[in-house]
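Structural features, examined
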Amino acid sequence: MHRPVPLSQPFRQPVAPRAELAPLLTPSLMTVVTGARRRALRDGDRQIDTAHLLHALLESDPEAGAAFEGDHQLARVLGYLVQRSIGYGLRWQRSVENSGTGRLLPAVRGAEPPDPRASGWSPAASAALEEAFRRAAERGEAQARGVDLLAVIAADPGSRAAEVLRRAGVDTDALATRIGER
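Source: prediction; values computed, not measured.

Overview of the packing of helix H5 (residues 123-138) against helix H6 (residues 146-155)
One can describe the packing of H5 onto H6 by two numbers: an axis separation of 8 Å at closest approach and a directional angle of 125°. It follows from the interaxial angle that H5 and H6 lie oblique. Taken as a pair, H5 and H6 cross one another with a handedness that is right-handed. Counted together, Ala 128, Leu 129, Glu 131, Ala 132, Arg 135 and Ala 136 of H5 and Asp 148, Leu 149, Ala 151, Val 152 and Ile 153 of H6 form the full contact between these two elements. In the contact of H5 with H6, the residues fall into 8 nonpolar, no polar and 3 charged.

Next up, the structure:
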């Protein structure tokens, strides 16, 4: 049986997105966030990261799944995500996913708490949600969709989700472009 790596600091339960962002979630995206939170807790991870969000997206949002180049590619990505649950992602348990900080997603610059683990969200996952909301607003929509979030996490080359996508043979740039053209 797989046992999580012992944590050097007390485990903080991942929390929902900041209260001011919650009304911007579609019911589908709320399901994704809830699924990502559940996955992080079950895996013994300190934070919800972009790979948790990707896994929940692909399990619960058919529009996000349809953005891939076919069922074979989607199945391969899900296979890598399942491997993460059983050991592939163990090296991530002791680290903070900072990929969005100061590089691709400016929403996090200066906005993160002093201890990024305090929020229950990795800085990259938090920035990805905020960027998904921004994408929806640019289209004139009040709520972000799952494909907004998928495009953002695929476009961040340093995110854990993008790493999983690349290992599964997905061209992340092409995926983000395909979503943007819809």
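What about the environment of Ala 125?
Along the chain, the position of Ala 125 falls in helix H5. Residue classification places Ala 125 among the buried positions, given a relative accessible area of 0%. Spatially, the C-alpha atoms of Ala 125 and Thr 50 are 5.0 Å apart, while their sequence positions differ by 75 residues. Ignoring sequence-local partners within four residues, the contact set of Ala 125 consists of Ile 48, Asp 49, Thr 50, Leu 53 and Glu 97.

Structural notes on the environment of Thr 34
Take Thr 34: it is sitting in helix H1 (residues 27-43). On the basis of relative accessibility, which here comes to 27%, the residue Thr 34 falls in the partly exposed class. Along the sequence, Thr 34 and Leu 53 sit 19 residues apart, while their C-alpha atoms lie 9.3 Å from each other.

Topic: the nonpolar core
General note: in soluble globular proteins, nonpolar side chains tend to be found buried as a group. Judged by nonpolar contacts, the single largest core of 42 residues is most densely connected at Leu 54, Phe 68, Val 77, Leu 149, Leu 150 and Leu 175. Mapped by element, the contributors of at least two residues to this core are H1, helix H2 (50-60), helix H4 (71-88), H5, H6, helix H7 (160-167) and helix H8 (172-181). Of the residues forming this core, the biggest block, 7 residues, is contributed by H6. For Leu 150, the residues in contact, after removing those within four places along its chain, are Leu 54, Leu 57, Ala 64, Ala 67, Phe 68, Leu 175 and Ile 179.

Observations concerning H8
Every α-helix carries 3.6 residues per turn, so stepping three or four residues along brings you back to the same face. Those residues of H8 not exposed but buried are Thr 172, Leu 175, Ala 176 and Ile 179. An end-on view of H8 places all buried positions within 95° of arc, on one side of the element. Structural note: H8 exposes Asp 173 and Glu 181 on the side pointing more than 90 degrees away from its buried face. For H8, the secondary structure elements touched by its buried residues are H5, H6 and H7. Where H8 begins, the side chain of Asp 171 points an oxygen toward the backbone nitrogen of Asp 173, at a separation of 3.1 Å.

A few points about H1
The terminal C-alpha atoms of H1, which comprises 17 residues, lie 24 Å apart, in line with the 24 Å expected from a rise of 1.5 Å per residue. Where H1 is concerned, the buried positions are Leu 29, Val 32, Val 33, Gly 35, Ala 36, Arg 37, Arg 39, Ala 40 and Asp 43. A positive phi of about 75° marks Gly 44, the residue just after H1.

Thoughts on the pattern of salt bridges
Under the criterion given, the structure shown has 10 salt bridges. Note that Glu 69 and Arg 178 form a salt bridge whose closest N and O atoms lie 3.5 Å from each other. With Glu 69 in the loop between helix H3 (62-65) and H4 and Arg 178 in helix H8, this pair connects stretches of sequence that are 109 residues apart. Using a relative accessible area of 52% as the deciding quantity, one classes Glu 69 as exposed.

Each value, and the rule that gives it
Residues numbered from 1 in each chain as written. Predicted model: local features only at pLDDT ≥ 70, side-chain atom pairs only at ≥ 80, totals over all residues. Heavy atoms only, no water. Axes fitted to C-alpha atoms, helices over the stretch in contact; angles between N-to-C directions. Helix = DSSP H or I, 4+ residues; strand = E, 2+ residues; numbered from the N terminus. Parallel < 35°, antiparallel > 145°, perpendicular 65-115°, else oblique. Left-handed = near helix turned anticlockwise from the far one by under 90°. Contact = heavy atoms within 4.5 Å. Nonpolar A, V, L, I, M, F, W, Y, C, P; charged D, E, K, R; others polar. Buried < 20%, exposed > 50% of the residue type's maximum accessible area, 1.4 Å probe, protein only. Core = buried A, V, L, I, M, F, W, Y, C linked by side-chain atoms within 4.5 Å. Arc of directions from axis to C-beta. Polar contact = N/O pair within 3.5 Å; in protein donor to acceptor, adjacent residues only side chain to side chain. Expected span 1.5 Å × (residues − 1). Salt bridge = Lys/Arg side-chain N within 4 Å of Asp/Glu carboxyl O.

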